[in-house]
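# Reading the structure
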Amino acid sequence: MILEDEMKRILSFAAVLIMLFAACSCGKKETVRESYSLDRNFVTEDEENGFTYVVYNDHSEIVACSLPDDADSVEFPSLLGGKPVTVLGGAMLSNNTKLKSAVIPYGVTDIGNNLFSGCTSLAAVSIPDTVRRIGCSAFYGTEWYEGLEGEFVTVGDGVLIKYGGKGGNIEIPENVAYLSDAFSGNSRIFSVTVPKSVFGICDYAFYNCDSMTEIKIPDNMTDIGICILEGTTWLIAEDDEFVTVGDGVLVKYGGSDTDVTVPGNVKYIAGAFMNNTDIVSVTLPQELISAGEATFYGCSSLVQVIFKGDDTILCDATFAECPKLQSVMLPANLKALGAHAFSSCTKLTGIELPESLIYIGRAAFYNCGQLVGITLPQGLKELGASAFFGCIKLESITLPENVVKIGVSAFSCCYGLKAIELSSAISKIPDGAFSYCGSLTEIYLGDHVKTVGKYAFEVTDGIKVYVANDMTQFDDEAFNEYKSVPEIICGSGSAAETFANKNEYKVTVRDGNV
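For every chain, the first residue of its written sequence is number 1, and the numbers climb from 1 along that sequence. Given that this is a predicted model, residues contribute local features only at a pLDDT of at least 70 and side-chain atom pairs are listed and counted only at 80 or more, while totals for whole chains, interfaces and linings are drawn from all residues. To get the side-chain values, all heavy atoms of the structure are used, and hydrogens and water are removed first.

## Some points on the environment of Tyr 366
Our working definition: A run of H or I in DSSP becomes a helix once it reaches four residues, and a run of E becomes a strand once it reaches two; helices and strands are each numbered from the N terminus. Classification of residues uses two cut-offs on accessible area relative to the type maximum, computed with a 1.4 Å probe and protein chains only: under 20% is buried, over 50% is exposed, and between them is partly exposed.
Turning to its location among the elements, Tyr 366 is positioned in the loop between strand 29 (359–360) and strand 30 (382–383). Judged by relative accessible area, which is 15%, Tyr 366 ranks as buried. Taking the C-alpha atoms as reference points, Tyr 366 and Ser 386, 20 residues apart in sequence, are found 6.8 Å from one another.

## Considering helix 4 (residues 495–502)
Let me state the cut-off plainly: The contact criterion used is simple: two residues touch if any of their non-hydrogen atoms lie within 4.5 Å.
Turning to helix 4, its buried residues are Ala 495, Ala 496, Glu 497, Phe 499 and Ala 500. Buried residues along helix 4 sit in contact with strand 37 (464–467), strand 38 (473–474), strand 39 (487–490) and strand 40 (506–509). Within two residues after helix 4, Glu 504 carries a phi angle of roughly 60°, on the positive side.

## Section: the sheet that holds strand 32 (residues 405–406)
What counts here: Between any two strands, at least two bridges found by DSSP are needed for them to pair.
Spatially, the 4 strands line up as an open sheet ordered 28-29-30-32, and their pairing is parallel. In this open sheet, the two edge strands, each paired with only one partner strand, are strand 28 (336–337) and strand 32. Looking at chain direction, strand 30 and strand 32 are connected through 2 bridges and run parallel. Within strand 32, the residue paired with Leu 383 across the bridge is Ile 406.

## Here's the deal with the pattern of salt bridges
Rules: The term salt bridge refers to a pairing of a side-chain nitrogen on Lys or Arg with a carboxyl oxygen on Asp or Glu at a separation within 4 Å.
Using the criterion set out here, one finds 8 salt bridges in the structure. In this structure, Arg 133 engages Asp 110 in a salt bridge whose closest nitrogen and oxygen atoms are separated by 2.9 Å. Placement of the pair is Arg 133 in strand 10 (residues 133–134) and Asp 110 in strand 8 (residues 110–111), with a sequence separation of 23 residues. Note on Asp 110: relative accessible area 4%, which makes it buried. Note that Lys 216 is salt-bridged to Glu 214, the shortest N-O span being 3.9 Å.

## What about the sheet that holds strand 17 (residues 214–216)?
Our working rule: Note on geometry: axes are lines fitted to C-alpha atoms, helical ones only across the stretch in contact, with angles between N-to-C directions running from 0 to 180 degrees.
Taken in spatial order, the 3 strands of this open sheet run 13-15-17, and their pairing is parallel. Two strands lie at the open edges of the sheet, namely strand 13 (168–171) and strand 17, each paired on one side alone. Across the sheet, the mean angle separating the axes of adjacent strands is 15° when strand polarity is ignored. Bridge count between strand 15 (residues 189–193) and strand 17: 3 bridges; the pairing is parallel. Looking at the pairing, Thr 193 lines up with Lys 216 of strand 17.

Dropping the structure here:
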């Protein structure tokens, strides 16, 4: 079977993306951000005690969480990978109706969208005063959230999490430093004045505030989430081609051109192009600092995108669900592709990745069914889980020598994969790495490979595995449900030989080194 936990994560993320950008009648949007620091000093991704996390030079971020079935509480660790945990990613525990309490450790600064959304039994939450950002719907539907009272309810370090006032013309008080989605779906609000004390606004903060005709946002604000004004009377009435707020944050594209050139005054993009079915090509300016989360999600006619800026940062799901996308000129100094960056770009046959790239995120090329080849840059260090899952026409790939790690199910369901060259630095073949790669006939495991995980070669067809390290350990289910008996080529008396004999696989004792 395809690794169950990883499939749950993929499908959960995909489902959240669909909900995020589909019509929503309940007045709440759902979204997820796996990482806030895609541009900064990535080190590695790992898992510990059910928490999957990404490590950077100075901090770590939890991106997934798996609790025991009977768990009714969660206490997030304050330290992972030797670095302090500062970010809790989105939707990790959403709709867990067994949870009753949650402890967020001191030092966490960011809580992702939908983290506890739908956890209806969650009655006790501990939030430290280090928390500076809370994403949309993070606690929506919880008993704890429903019990909060007051006109302007803040938690952490001045995060406005709930509004209990009567509406009308609102002036947000100076003690507020960040706006969560406290006003989302409120039809009684006519205008909002955001003070200079507020440094940021979360995704969908004023979503469907359909009576709001005026919004005042400080001119120097750049930390603005996607679609903050979607469904407001103010945004609907704005008829400029490019509508910006704050310091050059593009919140709406109101033009009719299919070939779009974004002007140089745009520094950030916050959901302006999502689900646009008309645009065919987009050229982005050198001045663009960041293309926000899901910038071109669901742009069903989009064929080409050009980034003129070398240093533009890309976030998660930048091009997800763009079925006609064929050509992208990425920023020359790009360090990381976020989760689901090109997920389900089913016409994408190839792409040139910049040499600066060090990390390809979870499911970055998930279900890119026409991807036939890709050259990975020499500086690449890691492939996230399911990075190339379902790339059924990918025939061969070489992992550069700097790659030290590949994630769970990284090449699962690459039915056409015939050849892969691993880097000599890889020490582990993770669970499900090459499962359902039916065309893969042989693979060489170098001296550094110490372990081969569960389902690593599941449903392969008579694959030959050359093992250089006599100490390499195989999980008992590494070749689960194979079509033809696998062959292990290994040293005499090696752990691999013992494993192969135990499972009645073919064994060839090699002469000398692999």
